[in-house]
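# Structural features, examined
Residues per chain, in single letters:
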Amino acid sequence: MSTQQVRRGRFITLEGIDGAGKSTHLSFIRDWLSGRDVGAAFTREPGGTPLSEKIRDLLLDPGTVASLDAEALLAFAARQQHIAEVIEPALAAGRWLVSDRFTDSTYAFQGGGRGVPFERIRALEDWVQRGLQPDLTLLFDLPTEVAAGRMAGTRVPDRFEQEAADFHRRVRAAYLRRAEEAPQRIVVLDAGRGIADIQADIAVHLQRLLERG
Ligand code: TMP
């Protein structure tokens, strides 16, 4: 039996208000990492496992009626399964894992947007994550009016996208507060700039993570 220890992988998360352009940048990250020998895998929240995808459907369905706490608990139920089934095994096997959204989304949407107290979210975070945190979080930041303009008419709005402008302003404010609280992990990227500028910044942060050793 080999006694060689596998070096733990890196965990990268992407965050931002709806319409901030995460998907475009995700493709760039995919291409950038595919050129490096890190065994990169990609996943998303809510989702990433069969159970968690079912919970995603419930959370995003405009017909779902959920109390504030039920919504936060569902997000963390999906997350627990995702961590157990996908995230931890990938990191333990030495792979890099990129997740389109993670716990900062719960702070932003359920905390900032809906008004669930941050302490309550923190309690669930402690329970479910047992210290697991992303190594790097890229927060794509954009004024909510610009994001809403970009999204207009492009798709049928889900349960969160159909919320009023004020909800999205609170979500953005909560994200920026998270970034102030964890500047060593969360990088705020001005997503209002041209794509090439944003992607040059992303590459710098990925390269730094690669070189961190
Ligand atoms: P998206 O993955 O297509 O961006 O959409 C997921 C939606 O779910 C988005 O509006 C944010 C929301 N969400 C929460 O409200 N809480 C969470 O914990 C997560 C991960 C996402």
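As recorded in an unreviewed UniProt entry, the protein goes by the name Thymidylate kinase, listed as coming from Chromobacterium piscinae. Taken directly from UniProt, the Function (unreviewed entry) text for the protein runs: "Phosphorylation of dTMP to form dTDP in both de novo and salvage pathways of dTTP synthesis." Its UniProt record gives the protein the following Sequence similarities (unreviewed entry) comment, quoted word for word: "Belongs to the thymidylate kinase family."

A few words now on the site of the ligand. The local shell around the ligand holds 14 residues, among which D18, R79, R101, T106 and Q110 are the closest. In the model, an oxygen atom of the ligand is placed 3.0 Å from a nitrogen or oxygen of the D18 side chain. One of the side-chain N or O atoms of Q110 is found 2.8 Å from a nitrogen atom in the ligand. Considered on its own, the ligand offers 480 Å² of accessible surface; in the complex 91% of this is hidden by protein. Looking at the shell around the ligand, the elements that each hand over two or more residues are α2 (50–60), α3 (68–92) and α4 (103–114).

Rules behind the numbers
- Residues numbered from 1 in each chain as written.
- Predicted model: local features only at pLDDT ≥ 70, side-chain atom pairs only at ≥ 80, totals over all residues.
- Heavy atoms only, no water.
- UniProt positions renumbered as here; feature names shortened; annotations may be inferred.
- Near = heavy atom within 4 Å.
- Polar contact = N/O pair within 3.5 Å; in protein donor to acceptor, adjacent residues only side chain to side chain.
- Areas by Shrake-Rupley, 256 points an atom, 1.4 Å probe, with all protein chains shown as cover.
- Helix = DSSP H or I, 4+ residues; strand = E, 2+ residues; numbered from the N terminus.

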